[in-house]
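Architecture at a glance
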Amino acid sequence: MMSFKDGTVQALRQDPDIVVIGEMRDPETIMASLEITDSGHKVFSTLHTSAAVESIDRVIGSARRSSRSGCGTGSPTCSSASSRRS
């Protein structure tokens, strides 16, 4: 089974202009979307918050959590943590 991170790498090999991610719910998805935007692609996704300021706080908070836990580096810890929340 392919991980979400592997799927994003495969998608980028197709040289898309835009990548659509359904919903950013966990640090792995948020970090993957940020890495895609860093490569110059546009990303469209949803993030459920009640205000725009909360969206920024949530993305920053997820980035901090992922850097502590190793998410965004293909860590099995992040994958197992996100599967428990689903």
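Residues numbered from 1 in each chain as written. Predicted model: local features only at pLDDT ≥ 70, side-chain atom pairs only at ≥ 80, totals over all residues. Heavy atoms only, no water.

Brief notes about the overall build of the protein
Helix and strand counts for the protein come out as 4 helices and 2 strands. Buried positions account for 28% of the 86 residues belonging to the protein. Total accessible area computed for the protein in this model is approximately 5800 Å², and 55% of it derives from carbon and sulfur atoms. (Helix = DSSP H or I, 4+ residues; strand = E, 2+ residues; numbered from the N terminus. Buried < 20%, exposed > 50% of the residue type's maximum accessible area, 1.4 Å probe, protein only. Areas by Shrake-Rupley, 256 points an atom, 1.4 Å probe, with all protein chains shown as cover.)

A word on helix 2 (residues 27-38)
When the terminal C-alpha atoms of helix 2 are compared, their 16 Å separation across 12 residues agrees well with the 16 Å that a helix rising 1.5 Å per residue should span. You can read the cap of helix 2 off the contacts: a side-chain oxygen lies 3.1 Å from the backbone nitrogen of Glu28, and it is on Asp26. A positive phi of about 95° marks Gly40, the residue just after helix 2. (Expected span 1.5 Å × (residues − 1). Polar contact = N/O pair within 3.5 Å; in protein donor to acceptor, adjacent residues only side chain to side chain.)

A word on the pairing of strand 1 (residues 18-23)
Across a regular strand the side chains alternate sides, sitting on one face of the sheet and then on the other. Two elements, strand 1 and strand 2 (residues 42-46), share 4 bridges in a ladder whose sense is parallel. Paired with Glu23 across the bridge in strand 2 is Thr46. The parallel pair strand 1 and strand 2 is bridged by helix 2, and the resulting crossover is right-handed. (Pairing = 2+ DSSP bridges. Right-handed = clockwise from strand over helix to strand, strands pointing away.)

Overview of the side chain of His41
Structurally, the position occupied by His41 is in the loop between helix 2 and strand 2. Looking at His41, its side chain comes within polar contact range of the side chain of Ser39, at 2.8 Å. Sequence-distant contacts of His41, that is, excluding residues within four places in its chain, are made with Leu12, Asp15, Pro16, Asp17 and Ile36. (Contact = heavy atoms within 4.5 Å.)

A closer look at the pattern of salt bridges
On inspection of all chains with the given rule, the structure shows 2 salt bridges. The shortest N-O distance in the salt bridge between Glu35 and Lys5 comes to 2.1 Å. Placement of Glu35 in helix 2 and of Lys5 in helix 1 (residues 4-12) is noted, with a sequence separation of 30 residues between them. Taking the relative accessible area as the measure of exposure, Glu35 reaches 32% and is therefore partly exposed. On the basis of relative accessibility, which here comes to 21%, the residue Lys5 falls in the partly exposed class. Of the charged contacts, one joins Glu23 and Arg25 as a salt bridge, the two residues approaching to 3.8 Å between their closest N and O atoms. By relative accessible area, Arg25 is classed as exposed at 57%. (Salt bridge = Lys/Arg side-chain N within 4 Å of Asp/Glu carboxyl O.)

Quick word on a nonpolar patch on the surface
Together, Ile18, Val20 and Phe44 make up a nonpolar patch on the protein surface, roughly 310 Å² of accessible area in all. Along the polypeptide, Phe44 turns up in strand 2. For Phe44, a relative accessible area of 47% translates into the label partly exposed. (Patch = residues over 30% accessible without salt bridge, like charges linked within 9 Å, V, L, I, M, F, W, Y side chains within 5 Å.)

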